[in-house]
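Examination of the molecular architecture
Listed below, chain by chain, are the residues.
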Amino acid sequence: MGALLELTSKGIYCPPADLYLDPWRPVERAVITHAHSDHARWGMKQYIATPITVDLMHKRLGKNIQTQRISYKETFFHNGVQFSLHPAGHVPGSAQIRVEYKGEVWVFTGDFKIEPDAVSDPFESVPCHSMITECTFGLPIYRWPKSSTILHSIAQWHEQNKAQNLTTVLVGYSLGKAQRLLAGLSALGIPLRVHSTIADLNESIPTLRPYTSFIREWTKDTPNEVFKNDILIVPPAAADRTTLEKRLGPVKIGYCSGWMQLRGYKNRTTNIDKGFVLSDHADWNGLLQAIKQSGAQNIYTTHGYSSTFAQWLSENGWKAQPLQTEFISAETDVMVDE
Ligand SMILES: [Zn+2]
Ligand SMILES: [Zn+2]
């Protein structure tokens, strides 16, 4: 890699500024793209991130971590290196990190998504010379349907379940997917209930406030009869059918993830009745759009099909190479535990 950012055993490092981007080992100073657990990890002396990400990190990593809040597009300097954070559209608070030094500009995308949702600041293209991009879905087979289409098919499926006296449970990652579902489905007038893990994170997400009148938590005392009319949203760790049915009676379980585009993926587990293609990452076209719009000539790929994607870019006019980082996709494993 270049001199401005380099890959070390602790993470992506900026030598002139002496700080790391989303490091996976404890370091002095870290700029964090978003609050997912593969990007915001334990043990940093100082965490620099957007205000929402800071609030979420306090929830997930503890009240006592040392943080600095930086708004989108605000610039800050370390040893003369200029940094700024720009919306990545992935989850609430998510950012791309722009680094500028002596006329050279790099962007680390973190995780990103092009199609806007109601709860995250929409992705903004940031011009740069070199780009480190995620490529969780970096194969041409991944092309997302419009999320409005998916939300309508969820609503239809919920009606069918109600007619059969079955309770609808939707599984989605507790940060990002859950709030997107909440905003999108409440706009269709569907009453919603959320698992306590999601309710807890919701408090830190101001963009969700217009929808909260539709959202109820469920507790031990919530009577069984009320569940049938609602859609229940749970994180993957709480999606066990046996446990759910003990509490709720017969359920239908739907899973929302980009991987549902892979034929047969949902059949890998008996835990899923229906898959919905809804991803918080860019699809193939989205990845290419982001790379083209940035104007970057040097592309480093990570977080997914890195080698294949870098190979394709190299054959199509870019200088590209994969980076061996330790980010993992929350969407990779159907039963991934947060
Ligand atoms: Zn993420
Ligand atoms: Zn990630």
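Keep in mind it's a predicted model, so treat the numbers as computed, not measured. Throughout this document, residue positions are counted from 1 along each chain, in the order its sequence is written. Working convention: letters from A go to chains and numbers from 1 go to ligands, in the order in which they are written. A pLDDT threshold of at least 70 governs which residues receive local features in this predicted model, and a stricter bar of 80 or more applies before side-chain atom pairs are shown or counted, although totals over entire chains, interfaces and linings include all residues. Side-chain numbers come from the whole structure's heavy atoms, not from hydrogens or water.

**With respect to the coordination of the zinc ion (ligand 1)**
Distances define the donors: N, O and S atoms within 2.8 Å of the metal qualify, as do those within 3.2 Å of Na, K or Ca. Water is excluded, so some sites may look unfinished. For the zinc ion (ligand 1), the full set of protein donor atoms is His34 (NE2), His36 (ND1), His90 (NE2) and Asp111 (OD), and the range of their distances to it is 2.2 to 2.3 Å. The zinc ion (ligand 2) is placed at 3.5 Å from the zinc ion (ligand 1), the two being bridged by Asp111. Here His36, found in the loop between strand S4 (29-31) and strand S5 (46-49), pairs with Asp111, found in the loop between strand S10 (104-108) and strand S11 (130-135); they are 75 residues apart in sequence, far enough to count as distant. The cut-offs for exposure are 20% and 50% of the maximum accessible area for each residue type, with area from a 1.4 Å probe on protein chains only; residues under the lower value are buried, those over the upper are exposed, and the others partly exposed. The exposure class of His36 is buried, given its relative accessible area of 3%. A helix here means a DSSP run of H or I that spans at least four residues, while a strand means a run of E at least two residues long, and both kinds are numbered starting from the N terminus.

**Concerning the packing of aromatic side chains**
How two aromatic rings sit relative to each other is set out by the distance from centre to centre and by the angle between their planes. A pair of Phe, Tyr and Trp rings is counted when the ring centres sit within 6.5 Å of each other, with Trp represented by its six-membered ring. The angle between the planes then sorts it: under 30 degrees is stacked, over 60 is edge-to-face, the rest tilted. Under the definition given, this model contains 17 aromatic pairs. Ring centres 5.5 Å apart and planes at 85 degrees place the aromatic pair Trp24 and Phe327 in the edge-to-face group. Here Phe327 lies in the segment after strand S19 (319-322) and Trp24 lies in the loop between strand S3 (19-21) and S4, a separation of 303 residues in the sequence. Each member of the pair, Trp24 as well as Phe327, carries the same accessibility label: buried. An angle of 50 degrees between the planes, with centres 4.6 Å apart, marks the rings of Phe137 and Trp259 as tilted.

**Observations concerning the coordination of the zinc ion (ligand 2)**
Each pair of donors in an ideal octahedron of six around a metal sits at 90 or 180 degrees, and each pair in an ideal tetrahedron of four sits at 109.5 degrees. For the zinc ion (ligand 2), the protein coordination sphere consists of Asp38 (OD), His39 (NE2), Asp111 (OD) and His303 (NE2), at 2.1 to 2.5 Å. Of note is the zinc ion (ligand 2), whose four donor atoms meet at the metal with angles of 86 to 165 degrees in an arrangement that counts as irregular. Sequence positions of the donors to the zinc ion (ligand 2) reduce to the motif D-H-x71-D-x191-H. Every geometry call rests on angle ranges, with four donors termed tetrahedral when all angles are between 85 and 135 degrees, four termed square planar and six termed octahedral when opposite donors are over 155 degrees apart and all others are between 65 and 115, and everything else termed irregular.

**So, the domain arrangement of the protein chain**
A domain assignment, automatic or from a database, supplies the domain bounds used here. What the domain assignment lists for the protein chain is domain 1 (6-142 + 281-322) and domain 2 (147-276). Centre-to-centre separation of domain 1 and domain 2, based on C-alpha positions: 29 Å. Any two residues whose heavy atoms approach within 4.5 Å at even a single point are treated as in contact. In this complex, domain 1 contributes 20 residues to the contact, which on the side of domain 2 involves 21 residues. Both faces considered, domain 1 and domain 2 share a buried interface measuring about 1800 Å² in area, 64% of it formed by carbon and sulfur atoms. The rule for a salt bridge is simple: a side-chain nitrogen of Lys or Arg has to be within 4 Å of a carboxyl oxygen of Asp or Glu. Where domain 1 touches domain 2, the interface holds two salt bridges. The salt bridge partner of Lys59 is Glu203, with a shortest N-O separation of 3.3 Å. We define buried area as the total accessible area lost by two parts upon association, computed with a 1.4 Å probe and summed across both.

**Remarks on unusual backbone geometry**
The backbone of Asp18 sits at a positive phi, close to 55 degrees, despite the residue not being glycine. Residue position: Asp18 is located in the loop between strand S2 (11-14) and S3. If you check the backbone angles, Asn79 has positive phi at about 50 degrees while not being a glycine. Positionally, Asn79 belongs in the loop between strand S7 (75-78) and strand S8 (81-87). A relative accessible area of 57% means that Asn79 is categorised as exposed.

**Describing the nonpolar core**
Take the buried residues of types Ala, Val, Leu, Ile, Met, Phe, Trp, Tyr and Cys, join any two whose side-chain atoms come within 4.5 Å, and each joined set is a nonpolar core. Among the nonpolar cores identified, the biggest contains 66 residues, and Met57, Ile154, Leu170, Leu181, Leu185 and Ile233 are the most heavily contacted of them. Structurally, this core is a two-domain feature, drawing no fewer than three residues from each of domain 1 (6-142 + 281-322) and domain 2 (147-276). Excluding residues within four positions of it along the chain, Ile154 makes contact with Leu170, Leu181, Leu185, Ile231, Cys256 and Phe276. Among the nonpolar cores identified, the runner-up in size contains 24 residues, and Leu21, Val31, Trp106 and Ile132 belong to it.

**Considering the pattern of salt bridges**
Taken as a whole and judged by the stated rule, the model has 13 salt bridges. For Arg98, the salt bridge goes to Glu100, with nearest N and O atoms at 2.8 Å. Residue Arg98 is classed as buried on the basis of its relative accessible area, which comes to 17%. Glu100 gets classed as partly exposed once you look at its relative accessible area, which sits at 24%. Here Glu245 makes a salt bridge to Arg241, at a shortest N to O gap of 4.0 Å. Of the two residues, Glu245 and Arg241 both sit in helix H5 (residues 241-248), four residues apart, roughly one turn of that helix. Among the ionic contacts, a cluster of salt bridges with common partners joins Lys59, Asp200 and Glu203.

**As for helix H2 (residues 147-163)**
In a helix, the anticipated span is given by 1.5 Å times the number of residues less one. Taking 1.5 Å of rise per residue, 17 residues should cover 24 Å, and H2 covers 25 Å from first to last C-alpha, within 8% of that figure. Among the residues of H2, those classed as buried are Ser147, Ile150, Leu151, Ile154, Ala155, Trp157, His158 and Asn161. End-on, the buried residues of H2 take up no more than an arc of 165 degrees, which puts them together on one face. Facing away from the buried side of H2 by more than 90 degrees, the exposed set consists of Gln156 and Ala163. Contacts from the buried residues of H2 go to strand S12 (167-171), helix H3 (177-186), strand S15 (231-234), strand S16 (251-256) and strand S17 (274-276). Directions are taken from the helix axis to each C-beta atom, and the arc is the one they span.

**Observations concerning the sheet that holds strand S14 (residues 215-217)**
Within the open sheet, the six strands sit side by side as S14-S13-S15-S12-S16-S17. Their pairing is parallel. The sheet is open, and its two borders are formed by S14 and S17, each paired with just one other strand. Strand after strand, the sheet turns through a mean of 30 degrees between neighbouring axes, direction not considered. Bridge count between S16 and S17: three bridges; the pairing is parallel. Of the residues in S17, the one forming a bridge with Tyr255 is Gly275. The axes are straight lines fitted to the C-alpha atoms, using for helices just the contacting stretch, and the angles between their N-to-C directions are given from 0 to 180°. Packed on one face of the sheet, H2 meets S12, S15, S16 and S17 and runs near 150 degrees to S12. Its contacts with the sheet put H5 on S12, S15 and S16, and the angle it makes with S16 is roughly 135 degrees. Pairing between two strands is assigned when DSSP locates at least 2 bridges connecting them.

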